[in-house]
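Spelled out from the first residue to the last, the chains are:
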Amino acid sequence: MKMRTYSTHQAVDFVIVGSGPSGSVLAKELSTAGFDVVVLEQGPWRHPSDFRHDEYGNWMLMDMCGGLKDSPQSLRHDPHETAKLSMTPPPVIYVHGVGGSSVHFTANYWRFHPVDFKEHTRWGDIPGADFADWPISYEEMEPYYTKVDWEVGVSGAPGPFDPPRSKPYPMPPLPIKSSGVLLEKGARAMGWHPQPAPMAIASRPYDGRPACQHCGYCENYGCEYSAKSSALVTMIPKAVASGRCEVRTGAVAHRVEIDARGRATGVVYWDGQGTEQRQRARAVILSANGAETTRLLLLSGNSRFPHGLANSSGMVGTHLMPNGNASVYGLFEHPLNEYKSVQVTRLVHDFYDADARRGFYGGGGFDGRMTFGPMMFALVAMPTDADTPHWGEGFTRALHDYPTHSMEVECHSTSLPVRSNSISLDPTLKDKWGRPALRTTFRFHPDDVKTMNFLADRAEEVLHAAGAKKVWRLPVSDTDAVFVHLLGTCRMGDDPATSVVDRDHRTHDVRNLFLCDGSSFVTSGRGQPTMTIQALAFRAADRIGQAARQGAI
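Residues numbered from 1 in each chain as written. Predicted model: local features only at pLDDT ≥ 70, side-chain atom pairs only at ≥ 80, totals over all residues. Heavy atoms only, no water.

(A) Broad picture of the packing of helix H1 (residues 21-32) against helix H11 (residues 530-549). The interhelical angle for the contact between H1 and H11, taken along N-to-C directions, is 30°, at an axis separation of 8 Å. Classified by the angle between their axes, H1 and H11 sit roughly parallel to one another. Our pair here, H1 against H11, has a crossing hand that is right-handed. Each of Pro21, Ser22, Ser24, Val25, Leu26, Glu29 and Leu30 in H1 lies in contact with H11, whose residues at this interface are Thr530, Ile533, Gln534, Ala537, Phe538, Ala540, Ala541, Asp542, Ile544 and Gly545. Its residues placed into classes, the contact of H1 with H11 shows 10 nonpolar, five polar and two charged. (Axes fitted to C-alpha atoms, helices over the stretch in contact; angles between N-to-C directions. Helix = DSSP H or I, 4+ residues; strand = E, 2+ residues; numbered from the N terminus. Parallel < 35°, antiparallel > 145°, perpendicular 65-115°, else oblique. Left-handed = near helix turned anticlockwise from the far one by under 90°. Contact = heavy atoms within 4.5 Å. Nonpolar A, V, L, I, M, F, W, Y, C, P; charged D, E, K, R; others polar.)

(B) Layout of the domain arrangement of the chain. Looking at the assigned domains, one finds that the chain contains domain 1 (6-85 + 96-102 + 230-322 + 420-442 + 482-552) and domain 2 (104-138 + 148-218 + 324-413 + 446-480). Contact with domain 1, which involves 43 residues of that partner, is made by 43 residues of domain 2. Three residues stand out in domain 1 for area buried against domain 2, namely Arg526, Gln528 and Met531, and they jointly supply 25% of the buried area on that side. Where domain 1 packs against domain 2, one counts four salt bridges. The salt bridge involving Asp207 is made with Lys238; its shortest N-O contact spans 2.8 Å. Taken together, domain 1 and domain 2 are joined by 17 residue pairs in polar contact (both at pLDDT 80 or more). At the level of secondary structure, the elements contributing two or more residues to the side of domain 1 that touches domain 2 comprise H1, helix H2 (55-60), helix H6 (235-241) and H11. Of the residues forming the side of domain 1 that touches domain 2, the biggest block, eight residues, is contributed by H11. (Domains from an automatic or database assignment. Buried area = accessible area lost by both parts, 1.4 Å probe. Salt bridge = Lys/Arg side-chain N within 4 Å of Asp/Glu carboxyl O. Polar contact = N/O pair within 3.5 Å; in protein donor to acceptor, adjacent residues only side chain to side chain.)

(C) How the structure looks around the sheet that holds strand S4 (residues 84-85). Within the open sheet, the four strands sit side by side as S4-S3-S15-S14. Their pairing is mixed. One side of each edge strand has no neighbouring strand; the edge strands of this open sheet are S4 and strand S14 (422-430). As paired strands, S14 and strand S15 (residues 436-441) are joined by five bridges and run antiparallel to one another. Within S15, the position partnered with Ile423 by the bridge is Thr440. Where helix H7 (residues 292-299) meets the sheet, it contacts S14 and S15, and its direction lies at approximately 65° from that of S14. (Pairing = 2+ DSSP bridges.)

(D) Looking closely at the side chain of His349. With respect to the helices and strands, His349 occurs in the loop between strand S11 (346-348) and strand S12 (364-369). When neighbours within four sequence positions are excluded, His349 is seen to be in contact with Trp110, His113, Phe161, Gln195 and Gly365.

(E) Representation of the UniProt feature "domain: Glucose-methanol-choline oxidoreductase C-terminal" (unreviewed entry) in the chain within the structure. Mapped onto this numbering, the UniProt entry annotates "domain: Glucose-methanol-choline oxidoreductase C-terminal" (unreviewed entry) at residues 417-537. For residues 417-537, helix accounts for 23% and strand for 18%, while the C-alpha atoms at its two ends are 22 Å apart. (UniProt positions renumbered as here; feature names shortened; annotations may be inferred.)

So, in structure tokens, the structure goes:
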């Protein structure tokens, strides 16, 4: 497919920074609506033949995530600390490349529930957090959730706690695997309600793509079959096919330019040869994720915006929410062979909502899976008790049995918006291009830690009820800091004093600058944000396109 190209001197209708779950949707929707679009993507365009079943490369070297030397990061847990270089792994993990992190995600596609948008109204203020309602509702979002289901391709079946939907799933659930059978068994024994997991993976041929081949390399891997419904194989090809969208790879953005009137005029970036370029545009959309969108705004500060572009509120970079997570494992008598097929086929949402009887705020769900291959399982997930050998022949025997006879119950939970949890610019550390490195400041709110442990307790119960011979869990702490969900750093709201973008994703300060990715989130949901990120992008594209047609941009 030949892609249209634009001159950097030509002012296109929209320049979009980032080609991930949100940027790809916006590119597809706006280009097919007749607008000229240039997408700037810092990484490469990978093809199915580029993906490898390489646990060391994908997990340890993080081959798709920009390279640890090129993109160093720093981490601290409190604002008064000096951040330290953090590389193994870095705190913020995301794919550099066309399709963004949808290329290596697990593909869990939960919708938010109505309560997720109005939790402050329901629960009130929480000490130590800046709790707020979204300015939009589930009812406004439902048509766009349905659009994601059908345009991206989601396999599933409604569960007992699911929110209302206007249309069924386009594909049936993926076949159940061992962890799903055992999760069902244990959950039903506890009186809970397991359900098929909605997954952005094709359970049958869909929209020209094949069904899943059940190779087992989903989380942290690209799909060589294109069965995973990543932006790389769903939205981007349709954007390019419109004849009005150019995806420009190797383009590292470092400044949004504005004119004397305070309007964005384009984006300055380095091309693949390291030459500075400028792409002019009538409007700019940042969809680079909750970390990189923040960095670009802070790098774009000027005399009008000395603390960062669109940051008169001082909210850019604040309220980072990565979702809570806890992992519990069970060893079973018979082989489960969880290394096969997709990660998740069953989940439990009985504890999705917060409950005042627990004595703290928070809720979530859990699913059955096995996240790691044998190498990472040995390094991260093996039990540490005295009964498990950790060296020599006994360790070798344990490595034969544990990965094949074990399953994981992965818990996904809320994380509260705390102002000091943030993405900012490191004052000394630089990346390959000389930009200040990402600096993450983070500590979980005490209620987040209680929620993670509460769900881990339930996970232990379900594994025992399923017949596990041995159950163990990884420790939970308030300083766990490996984040793949980058939410809340440029929150949405009606009040310019307490938010960065309005309900249509337009920045309050710069009227032709839009932000649409996880940074817009006001609350975190329960741990699977990509479905909501894409629904927001479909909704934003409708509103941005309408405003452009009316001359309101």
